[in-house]
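# Close look at the chain arrangement
So you can see what is in the structure, the chains are spelled out below.
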Amino acid sequence: FEPGALDRCLATISQAIGSNPEIAARAVVDLIRTAKVGRCLVLTPYDDEHDNLYTSTIEPAVARHMIPIRLDRLPKSEAIYTSFADAIQTASAVIADITALNENVMYEVGYSHGRGLIPLIYTRDADRLTQLPVYFRTLNVRLASATTPVTILIEDYLRSLKTSRRLHHSEAQR
């Protein structure tokens, strides 16, 4: 939850539970809607440019919806593959920057698809869209630009995942 949200919810419940249970219930529903549900694995090359982009832009955008995970920020393990496999196994979402066509990121995107996840794949280079590897040409690779910043792409992607999850959940309850 965002900072202070749980305290506000509990305060509302304490004040309203006896006299107006609908307001108390609404406070709980509102709190649940703002919960960070799931983990989002962020795939980028490990260099200063991408570190800065992750810290300043991607991590805060993801953190509004989910717990952001980046492999180089996980506790060190003996085998990076094990860390990646564990991270992808527990991820609800994947975001990948393919601006540089980094081999590791490309492998990780393929592995994500193999696990049944549909990642947000984006580039910050318009020319990259015409130079995509053959398998990527059929995917919805998005262009992050001044008119559509990466934060908007992330917001739309994570919001659509939450919406589709709610739809699947309500259909399963029928």
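Residues numbered from 1 in each chain as written. Predicted model: local features only at pLDDT ≥ 70, side-chain atom pairs only at ≥ 80, totals over all residues. Heavy atoms only, no water.

## Focus on the overall build of the chain
Worth spelling out the cut-off: A helix here means a DSSP run of H or I that spans at least four residues, while a strand means a run of E at least two residues long, and both kinds are numbered starting from the N terminus. Contact between two residues is taken to exist if any of their heavy atoms lie within 4.5 Å; hydrogens are not considered. All accessible areas in this document rest on Shrake-Rupley with a 1.4 Å probe, and a residue is counted as covered only by the protein chains that are shown.
Check the secondary structure of the chain and you find six helices and five strands. Beginning at the N terminus, the succession of helices and strands in the chain can be written as α-α-β-α-β-α-β-α-β-β-α. The long-range fraction of contacts in the chain, counting pairs at least 24 apart against all pairs at least 6 apart in sequence, stands at 65%. With an accessible surface of roughly 10,400 Å², the chain has 56% of that area assigned to carbon and sulfur atoms.

## Examining the pairing of strand 3 (residues 93-97)
Keep this limit in mind: Burial classification: accessible surface area is computed with a 1.4 Å probe over protein chains only, and a residue below 20% of its type maximum counts as buried, one above 50% as exposed, and the rest as partly exposed. By definition, two strands form a pair when at least two bridges between them are found by DSSP. For crossovers, right-handed means that the path from the first strand over the helix to the second runs clockwise, given strands pointing away from the viewer.
Most of strand 3 sits out of view: five of its five residues are buried. When strand 1 (residues 39-43) meets strand 3, the two strands line up parallel, connected through four bridges. Each bridged residue has a counterpart across the sheet, and for leucine 41 the counterpart in strand 3 is valine 94. Inspection of the sheet shows strand 3 paired to strand 4 (residues 120-123) by three bridges, in the parallel sense. Looking at strand 4, one finds that isoleucine 95 is bridged to leucine 120. Between the parallel pair strand 3 and strand 4, the chain is carried across by helix 5 (residues 103-114), and the sense of this crossover is right-handed.

## Things to note about the pairing of strand 4
Remember that side chains alternate between the two faces of the sheet whenever the strand is regular. Burial of the side chains of strand 4 extends over both faces: Leu120 and Tyr122 are buried on one face and Ile121 and Thr123 on the other. The pairing of strand 4 with strand 5 (residues 142-143) spans two bridges and is classified as parallel. Within strand 5, the residue paired with threonine 123 across the bridge is leucine 143.

## Thoughts on helix 3 (residues 48-63)
At 3.6 residues per turn, the α-helix brings residues three or four places apart onto the same side. Just so we agree on the cut-off: Each helix should span, by expectation, one fewer than its residue count multiplied by 1.5 Å. By definition, a residue's bend is the angle between the axes fitted to the seven residues ending there and the seven starting there. Counted as a polar contact is a pair of N or O atoms within 3.5 Å, where, for protein atoms, one must be capable of donating a hydrogen and the other of accepting one, and residues adjacent in sequence contribute only when both atoms are in side chains.
Given a rise of 1.5 Å per residue, 16 residues ought to cover 22 Å, and the 21 Å separating the end C-alpha atoms of helix 3 matches this to within 8%. The principal kink in helix 3, of about 45°, is found at tyrosine 54. All of the buried residues along helix 3 are His50, Leu53, Tyr54, Thr57, Ile58, Ala61, Val62 and Ala63. Where helix 3 begins, the capping side chain belongs to aspartate 47, and its oxygen is found 3.3 Å from the backbone nitrogen of glutamate 49.

In short, geometric facts, not functional conclusions.
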